[in-house]
Amino acid sequence: MSEQVVPVIWRGDCLEVLDQRRLPGEEVWHSYRDSVGVFEAIASMQVRGAPAIGISAAYGVVLAAFAARDEVDWRIAIERAIDELAESRPTAVNLFWALRRMQGCLEGIGSGSEACAVLEREAIRIHEEDAAANRRMGELGADVIQEGSDGPVEVLTHCNTGALATGGHGTALGVVRTLHERGALSMVHMDETRPWLQGSRLTAWECMREGIRCSLNVDSAAATLLASGRVRWVIVGADRIVANGDVANKIGTLNLAILARHFGAGVMVVAPASTLDRETPDGSGIVIEQRDGNELRRVGERDIAPAGVAAFNPVFDVTPAALIDVIVTEQGVVRNPARHTNPLASLV
Ligand SMILES: CSC[C@H]1O[C@H](OP(=O)(O)O)[C@H](O)[C@@H]1O
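Residues numbered from 1 in each chain as written. Predicted model: local features only at pLDDT ≥ 70, side-chain atom pairs only at ≥ 80, totals over all residues. Heavy atoms only, no water.

Trainee: Could you give an account of the UniProt feature "site: Transition state stabilizer" (unreviewed entry) in the chain, with specific residues and numbers?
Mentor: In the numbering used here, UniProt assigns the "site: Transition state stabilizer" (unreviewed entry) feature to C159. With respect to the element layout, C159 can be found in the loop between β4 (153-157) and α6 (172-181). Residue C159 is classed as buried on the basis of its relative accessible area of 7%. Excluding residues that lie within four positions of it along the chain, C159 makes contacts with R48, D191, T193, Q198, G199, T203 and K250. (UniProt positions renumbered as here; feature names shortened; annotations may be inferred. Helix = DSSP H or I, 4+ residues; strand = E, 2+ residues; numbered from the N terminus. Buried < 20%, exposed > 50% of the residue type's maximum accessible area, 1.4 Å probe, protein only. Contact = heavy atoms within 4.5 Å.)

Trainee: I'd like to hear about the sheet that holds strand β9 (residues 247-250), residue by residue, with values.
Mentor: The strand order across the open sheet built from four strands is β11-β8-β9-β14, with neighbouring strands paired in mixed fashion. Edge positions in the open sheet fall to β11 (276-277) and β14 (316-319), since each of these has one partner strand only. Judged from the two bridges that link them, strand β8 (residues 240-242) and β9 form a sheet pairing that is antiparallel. The residue of β9 that forms the bridge with I241 is V247. (Pairing = 2+ DSSP bridges.)

Trainee: Got a sec to walk through the site of the ligand? Specific residues and values, please.
Mentor: The immediate surroundings of the ligand are formed by 19 residues, with G49, R89, D239, N249 and K250 found nearest. With respect to the ligand, the backbone of G49 contributes an N or O atom lying 2.8 Å from an oxygen atom. Put simply, the ligand lies in the largest cavity. Those elements that place two or more of their residues in the shell around the ligand are α2 (50-68) and β9. Of the residues in the shell around the ligand, the class split is seven nonpolar, eight polar and four charged. Here the shell around the ligand spans two domains, since at least three of its residues come from each of domain 1 (2-130) and domain 2 (137-339). (Near = heavy atom within 4 Å. Polar contact = N/O pair within 3.5 Å; in protein donor to acceptor, adjacent residues only side chain to side chain. 1 Å grid on protein atoms, 1.4 Å probe; cavity = no way out; pocket = protein on both sides within 12 Å on 5 of 7 lines; lining within 4 Å. Sits in = over half its atoms within 2 Å of the grid points. Nonpolar A, V, L, I, M, F, W, Y, C, P; charged D, E, K, R; others polar. Domains from an automatic or database assignment.)

Trainee: Describe the packing of aromatic side chains, listing the residues and the values that go with them.
Mentor: What characterises a pair of aromatic rings is the spacing of the ring centres plus the angle enclosed by the ring planes. This structure, assessed with the given rule, holds two aromatic pairs. With a centroid separation of 5.0 Å and 10 degrees between ring planes, the pair formed by W10 and Y59 is classed as stacked. With a gap of 49 residues between them, W10 in strand β1 (residues 8-10) and Y59 in helix α2 connect regions that are remote in the sequence. Relative to F66, the ring of W10 has its centre 6.0 Å away and its plane inclined at 55 degrees; by these criteria the two rings are tilted. Pair noted here: W10 is in strand β1 and F66 is in helix α2, with a separation of 56 residues, a long-range link. Taken together, the ring pairs connect W10, Y59 and F66 into an aromatic cluster. We note R209 situated over the ring of W205; from NZ or CZ to the ring centre the distance is 4.8 Å. (Phe/Tyr/Trp six-rings, centres within 6.5 Å; stacked < 30°, edge-to-face > 60°. Lys NZ or Arg CZ within 6 Å of the ring centre and 35° of its normal.)

Trainee: Break down the environment of G162 for me, with residues and values.
Mentor: Summarising the element assignment, G162 is placed in the loop between β4 and α6. Judged by its relative accessible area of 0%, G162 falls in the buried class. Each residue touching G162, except ones within four places of it in the same chain, is listed here: H169, G170, L173, R177 and E206.

Trainee: Let's hear about the domain arrangement of the chain: which residues, and what values?
Mentor: When its domains are assigned, the chain resolves into domain 1 (2-130) and domain 2 (137-339). Of the residues lining the interface, 31 residues belong to domain 1; the matching set on domain 2 comes to 34 residues. Here domain 1 packs against domain 2, burying approximately 2700 Å² in sum over the two surfaces, 55% of which is carbon and sulfur. Contact with domain 2 buries area across many residues of domain 1, yet V5, R48 and T91 alone supply 25% of it, more than any other trio. At the junction of domain 1 with domain 2, the criterion picks out one salt bridge. Ionic pairing is found between R89 and E289, a salt bridge with its closest N-O pair at 2.9 Å. Connecting domain 1 to domain 2 are 15 residue pairs in polar contact (both at pLDDT 80 or more). Residue assignment for the side of domain 1 that touches domain 2 shows that the elements contributing at least two residues are α2, α4 (93-104) and α5 (112-147). Broken down by class, the residue content of the side of domain 1 that touches domain 2 amounts to 16 nonpolar, eight polar and seven charged. (Buried area = accessible area lost by both parts, 1.4 Å probe. Salt bridge = Lys/Arg side-chain N within 4 Å of Asp/Glu carboxyl O.)

This is the structure we're talking about:
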């Protein structure tokens, strides 16, 4: 069994981050001893994936507390770091969920030293809880898929939602892992997921390391795969699930949901409760991150488009609840979310 993949390692005085921009060719680790370094690691996508972003930001708050331990205004310093980390990426609600949870720990704290101990415990708890949640979601999601199948299934996934994006096991890819562990997976088809190639560079790397039967396809081949009738489920993660069940996820998810509905495949969204945003009524309220156009014009150091050509690079899209068949969280499963007045109400 290959060593378990982790995106970050807390060392007690620093956060080590596996630079996912360098995978699959190189495993390069960076060590950060302050919250500014963690901000950069998130903003530059050295570490990415909604839950992993929240976990990393939580450790960034701990590092800020360590730096301010003996300062008179230690509380102001920590709260400043929280505000700065909140600016690292705008769409994954897990970031703000984790930061709010860390901020809540400061109530009643009387010293910088006490803050360090309490915040470190909380960050580790957030990390461990996410790994446990993913295992639970793997079981729940695999159960749903096996309900309607008479043997091993072919599924299609998008982006990377594996151990690299979480505290371990993965969300959508965690369901795939659990199906594989049960001998119930015939094939996982992986969209390469332009422009950042999380599918070809990260999901394929995770699956190949573990002997999970996988096949890489260009994003635009998804329609042909779904038209073949072999793929029964599209399984994706989420960066934010809002009150009416609309889902923000990697750009291209909306395409897949429309295709799946047209060709009769199911759409399963797998995300921990830290991805739920009950304060935002529907998908129109979600801020979609726009990233630099050079992510489209270049691959690595190579130009694949004329320098300066205009580019449209939203890195997420919003899939309406009406196109989603199942939402899986560790708190439970919501079937046909659009048919519920308050689809997240049962998740507690
Ligand atoms: C379990 S990861 C959730 C989510 O995050 C990814 O985005 P990014 O790679 O830009 O951080 C992708 O949307 C995944 O579905």
